[in-house]
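Notes for the structure review
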Amino acid sequence: MPNIQGSTTPPIAELPPIAADVLVIGGGLSGTWAALAAAQAGARVVLADKGYCGASGVAATSGPGHWWVPPDPDARAEAIRQRMAIAGGIADPAWMERILDITWTTLPTIADVYDFSTDEAGTVQYRGLRGPEYLRAMRRKIHRLGVRILDQSPALELLADSDGTIVGARGLRRQRGEAWTVRAGAVILATGGCAFKSRLLGSHTNTGDGHLMAAEAGVDFSGMEFSTYHTVAPAHSTMTRSMSFAFATYYDGEGREIAVPPGDTTRTLARAMLDGPVLCSLHRMPADIRERLRRVQPNMMLPFDRGGADPFTQRFPVLLRPEGTIRGSGGIRLADDDCGTAADGLFVVGDAATREPVAGAVSGGGAILAAWALSSGVIAGRAAAARAARQGRRTDTAARPLGQAGLRPARHAAAVDPRAVTAAVQAEMLPYDKTIFRRGPALARSLSRLEGVWNDLRDHLDGEGAATAGETVQARESAALTAVARWCTRAALVRPESRGMHLRVDAPASHPALARRLTVGGLDRLWSRFEGPAPQPLEHPVVPQAGAA
Amino acid sequence: MISLVIADRCTGCQVCVRVCPTNVFDAVRGGPPVIARQQDCQTCFLCELYCQPDALYVDPDCETPAAVSAEEVERSGQRGRYRRDSGWDEWAGDPRYANEHWRMDQIFARARALS
Ligand SMILES: Cc1cc2nc3c(=O)[nH]c(=O)nc-3n(C[C@H](O)[C@H](O)[C@H](O)COP(=O)(O)OP(=O)(O)OC[C@H]3O[C@@H](n4cnc5c(N)ncnc54)[C@H](O)[C@@H]3O)c2cc1C
Ligand code: SF4
Ligand code: SF4
C-alpha cells in the first residue's frame, strides 16, 4: 500500500526499465485517445499520468462538446469557412477537415464503454459528453486493450540515445517513492496546456511539464502569445462552467448593470474587475432550465448549494480564471502531419500541441479543442505504433536523461523554494492587466523578472536532491511553469499587433503582414521568428490610443 | 477544498487515495485515509464521485480551507449529493438523475434567443 502514514520515507528506488512500443505521457483526453489508437494498431502501450488516468486533466471535470458536423461536403465546407473567418489568418482548412472527419468516425466507437444519451426523437447524441464519465470510459477502454496504466506517476524527463532520438522517459511513482523508466520506440506527449495553477477547474496538474521536456529535446513552440483565454466563475470557486453564464447579468460594486457587448464578455468584465468588484445574477435563466441544471451539469451548482447565494434571486461575486495555454491555442510546434515534433521519436497531442492549425488565433473551446484532442490522439497513436513496429523496441541501447532545470542545477545546489518560484510566475501571468490587456513595456518588465527567476532556479534548484518524491515533482513543475511563462511572454512581446485573443493595448490593430505564425524557443536564451513568407514592410500600422481596449 | 473524511462512513477502501489527481490523501492501513496535503487540493470534487459510501466532503471554496463538521454536512443534505446527481453507481438508471448533458447546445441556443 502506498505512503503509509507514520512510515519513514525510503530513498527513491529505481525500478527496472519497462519496455514498450509506445509511451504516452499524460492520461487526459488526448492521452487516452492516443493510447487507444496505438493499442488498436497493435502496439504495446504504457501510459503514465501525474494523477489518475480517468480523473486528471481539464476534460475530466468539464463536459467536452466536440466539433460535430455530418459528412456532408457543404455542411463541412460551411463549418470550416465560419472558423477560418475568425481564425486570424493562421489556421489551416485541411487540418480542420481532417479532425472533423476523424472525430465523426471515431467518437461513436466508445459506445461500448460510454452510455451516449438519446434525445426525445430517439437520436443518439454524440457531440457532448460528461467529463467524469467520458474519462472513466476511456480508462476502461484502454485498460481492456491491455494498455499498462501508471497512475500517480509524473514523468520528469525524456531519455535520448546518442543521436538525439527520443527513446523513453523517466519519472516517479510519487506515492511509493520509486522512480520508473520506460524505454519505448516512440513517445507521445499528452501533458495538456498550462494555466499557471490559476485554479481553473481541473487544471492543477497541467504545469507545462511536457513543454519543458520537449524544449530539452530541442523542440520549439508556436502561438504562445495566444494564451489569454479566461472563464468566469463564482468568486473563491473553481467552477468555470460557462453555460449558465450565458444567462448572466453583471453589476458593478455600485449595483449598476454592466453593459456587455456581444462577443466581448471577457474584456468587459476584466476591465470592470480591475476597477472593483463585479457581481452576477442568473435570474434570466428560464425556470425549466434551472430545474434540469443538475442533470445537465451536476457540478455547476455545487458552489451555490454548499453555502453560497441563490444565484437566481441573489447577486454573487464573480471573477475570471486565467487559462494560460489551455483554451488558448499555443503549444509545442508540429513538424509533420503525424503530430510528430522536431525531435525524432517524439509526438505531441491535445493541448500540449499548438492548436493554431485548427483554431487559429482564437480559442477552440466548446468544440474544436476536444475534436483536436481526440483526432491528434488518433493520428499520433497510429503513427507512433507504426514507427515502433518499423524500428522495434530498443531497450538495450544507452539512453541519456535530458532533464535540466528544476532537476539538476546547472551550478551548485542552493535553497530555491518552488512555491516562491510559482508565486513569482503567477505574479506575471495571472493579473488581468498583464495578460488580457498587454502592453510592450509591461511585457518587457515581466520577461526580465521571469529571466531572473529562471536563472536562479536553473543554477541552483536541486529537485533530484529533494527529500521526497513530492518535492522533486514540485521543483520540476516550478521550472516548467517558469519556462512556459517565458515563452508566452516573449511571444506576446514580439508580436507588435493585436490578433485573435492576443490584445496589445499599445498596438490594437491587426497588421496584415503579421498574419503568420510565430515560433519561440530556447531554454537559456530565448529566440523567436515569424514563419511563412517575408513580411511586407511595416508601413504605418494603425495604432489607436491606449484605452481603446 | 477537501474538508472532511467522515470516519464512521469510510470503509477504508483507499479509492480516493488512488484517484485524487493532486495526491492530497495518504493511505492508512485498514482505516480512513488522512488529508495530508489539503493545500494541493484542486477542488475538482472528483473524489466524491468515486467514494461510494459518500464519506468525503469537498467545500467549494478553493482558496481558504473551511471549518465544517460532519454534522453540518449531514444536515445540509450535501453528503453524496454530487454523486447522486451524477447518477453514479446505485443511482445509475434512475430517471431523476438521467444524464442530460446533451441538452447543452439547446440551452446555449435559448440564451442566445433571449439576449
Ligand atoms: C472548463 C473547461 C471546459 C471545456 N470544455 C470544452 C468543450 O466543451 N469543448 C472542447 O472542445 N473543449 C473544451 N475544453 C478543452 C478540452 O477539455 C481540452 O482541450 C482537452 O481536455 C485537452 O486534452 P489533453 O489531454 O491535451 O489535456 P488534459 O485533458 O488536461 O490532460 C492532461 C493530462 O496530462 C497529465 N500530466 C501533466 N503533466 C504530466 C507529467 N509530467 N507526467 C504525466 N502526466 C502529466 C495531467 O495529469 C492530465 O491528466 C474545456 C476546457 C476547460 C478548462
Ligand atoms: S474512497 Fe471513501 S470510503 Fe474509500 S477510503 Fe476514501 S473516503 Fe474512505
Ligand atoms: S477535490 Fe479533487 S483535488 Fe481535492 S481531494 Fe478531491 S479529488 Fe483531490
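Everything below is about the structure printed above this text.
Calculation notes
- Residues numbered from 1 in each chain as written.
- Chains lettered and ligands numbered in written order.
- Predicted model: local features only at pLDDT ≥ 70, side-chain atom pairs only at ≥ 80, totals over all residues.
- Heavy atoms only, no water.
- Phe/Tyr/Trp six-rings, centres within 6.5 Å; stacked < 30°, edge-to-face > 60°.
- Helix = DSSP H or I, 4+ residues; strand = E, 2+ residues; numbered from the N terminus.
- Buried < 20%, exposed > 50% of the residue type's maximum accessible area, 1.4 Å probe, protein only.
- Axes fitted to C-alpha atoms, helices over the stretch in contact; angles between N-to-C directions.
- Parallel < 35°, antiparallel > 145°, perpendicular 65-115°, else oblique.
- Left-handed = near helix turned anticlockwise from the far one by under 90°.
- Contact = heavy atoms within 4.5 Å.
- Pairing = 2+ DSSP bridges.
- Buried area = accessible area lost by both parts, 1.4 Å probe.
- Salt bridge = Lys/Arg side-chain N within 4 Å of Asp/Glu carboxyl O.
- Nonpolar A, V, L, I, M, F, W, Y, C, P; charged D, E, K, R; others polar.
- Near = heavy atom within 4 Å.
- Polar contact = N/O pair within 3.5 Å; in protein donor to acceptor, adjacent residues only side chain to side chain.
- Areas by Shrake-Rupley, 256 points an atom, 1.4 Å probe, with all protein chains shown as cover.
- Expected span 1.5 Å × (residues − 1).

A short note on the packing of aromatic side chains
Residues and elements named next belong to chain A. Applying the stated criterion to the full structure yields 13 aromatic pairs over all chains. Judged by centre distance (5.8 Å) and plane angle (50 degrees), the rings of Trp68 and Tyr126 are tilted. A residue pair is termed long-range when its members are at least 10 positions apart, and Trp68 in the loop between β3 (45-48) and α2 (73-86) and Tyr126 in the loop between β5 (124-125) and α4 (131-144) qualify at 58 residues. You can call Tyr126 partly exposed: its relative accessible area is 22%. On the numbers, 4.8 Å between centres and 75 degrees between planes, the contact of Phe304 with Phe316 is edge-to-face.

A few points about the packing of helix α11 (residues 418-429) of chain A against helix α14 (residues 469-494) of chain A
Residues and elements named next belong to chain A. Remark: α11 packs on α14, axes separated minimally by 9 Å, with the N-to-C direction vectors making an angle of 20 degrees. Viewed along their axes, α11 and α14 adopt a mutual orientation that is roughly parallel. For the crossing formed where α11 meets α14, the hand is left-handed. Counting all contacts with α11, which are made through Pro418, Arg419, Val421, Thr422, Val425 and Met429, the residues of α14 involved are Gln474, Ala475, Ser478, Leu481, Thr482, Ala485, Cys488 and Thr489.

A few points about the sheet that holds strand β11 (residues 230-234) of chain A
Residues and elements named next belong to chain A. Spatial ordering of the open sheet is given by β11-β14-β13-β12, a layout of four strands whose pairing is antiparallel. Of all strands in the sheet, those with a lone pairing partner are β11 and β12 (249-252), marking the two edges. Mean inter-strand twist for the sheet, computed between neighbouring axes without regard to direction, equals 45 degrees. Direction of pairing for β11 relative to strand β14 (residues 316-322): antiparallel, over a ladder of five bridges. Pairing of Pro234 across the sheet is with Val318, part of β14. Of the strands in this sheet, β11, β12, β13 (278-281) and β14 touch helix α6 (residues 265-275), which is tilted by about 115 degrees from β14.

So, the interface of chain B and chain A
Contacts between chain B and chain A engage 52 residues on the former and 62 residues on the latter. For the pair chain B and chain A, the summed buried area comes to about 5,100 Å², and 54% of that belongs to carbon and sulfur atoms. When the area that chain B buries against chain A is broken down by residue, the three leading residues are His101(B), Trp102(B) and Ile107(B), summing to 13%. A salt bridge links Glu100(B) to Arg292(A), with the shortest nitrogen-to-oxygen separation between them at 2.8 Å. Going through the elements one at a time, α1 (15-19), α2 (46-50), β4 (56-58), α4 (81-85) and α5 (104-114) of chain B are the ones with two or more residues in the side of chain B that touches chain A. The dominant element in the side of chain B that touches chain A, judged by the number of residues it contributes, is α5(B), at seven residues. Classifying every residue of the side of chain B that touches chain A gives 27 nonpolar, 10 polar and 15 charged.

What to know about the site of ligand 2
The environment of ligand 2 is formed by Cys10(B), Thr11(B), Gly12(B), Cys13(B), Gln14(B), Val15(B), Cys16(B), Pro33(B), Cys51(B), Pro53(B), Ala55(B) and Leu56(B). Considered class by class, the residues forming the shell around ligand 2 number nine nonpolar, three polar and no charged.

Some points on the pairing of β14(A)
Within a regular strand, the side chains alternate between the two sheet faces. Residue and element names in this part refer to chain A. Across the seven residues of β14, six count as buried, placing the element largely inside the fold. As paired elements, β13 and β14 share two bridges and run antiparallel to each other. Residue pairing across strands places Cys280 opposite Phe316, the latter belonging to β14.

Quick notes on the site of ligand 1
Residues and elements named next belong to chain A. Near ligand 1 lie 38 residues; those nearest to it are Ser30, Asp49, Asn206, Asp351 and Ala370. Taking Asp49, its side chain carries an N or O atom lying 2.6 Å from an oxygen atom of ligand 1. In this structure, an oxygen atom belonging to ligand 1 sits 3.0 Å away from a main-chain N or O atom of Val58. Protein contacts shield 98% of the accessible area of ligand 1, which totals 1,000 Å² for the unbound molecule. For the shell around ligand 1, the class distribution of residues is 15 nonpolar, 18 polar and five charged.

Regarding the pairing of strand β18 (residues 518-521) of chain A
Residues and elements named next belong to chain A. Neither face of β18 is exposed, since Leu518 and Val520 on one face and Thr519 and Gly521 on the opposite face are all buried. Pairing geometry for strand β10 (residues 221-222) and β18, over two bridges, is antiparallel. Each bridged residue has a counterpart across the sheet, and for Phe221 the counterpart in β18 is Val520. Taken together, β18 and the strand that follows it, strand β19 (residues 527-530), pair antiparallel across an intervening segment of five residues, in which Gly522 is found at a positive phi of about 100 degrees.

With respect to α4(A)
Residues and elements named next belong to chain A. Over its 14 residues, α4 runs 20 Å from end to end, which matches the ideal 20 Å to within 8%, given 1.5 Å per residue. Within α4, 10 of the 14 residues are buried, which leaves it mostly tucked inside the rest of the structure. Among the residues of α4, those classed as buried are Gly131, Pro132, Glu133, Tyr134, Leu135, Ala137, Met138, Arg139, Lys141 and Ile142. The first or second residue beyond α4 is Gly146, which carries a positive phi of 90 degrees.

A short note on the pattern of salt bridges
Here the structure, examined in full by the defined rule, presents 52 salt bridges over all chains. Taking the shortest distance from any N to any O, the salt bridge between Glu216(A) and Arg476(A) comes out at 2.6 Å. Of this pair, Glu216(A) sits in helix α5 (residues 209-216) while Arg476(A) sits in helix α14; the two residues are 260 residues apart in sequence, bridging distant segments of the chain. Grouping residues by exposure puts Glu216(A) and Arg476(A) together as buried. The network of salt bridges with common partners includes Glu120(A), Glu291(A), Arg292(A), Arg295(A), Glu100(B) and Arg103(B).

So far we have only geometry, and geometry alone does not tell us how the molecule works.
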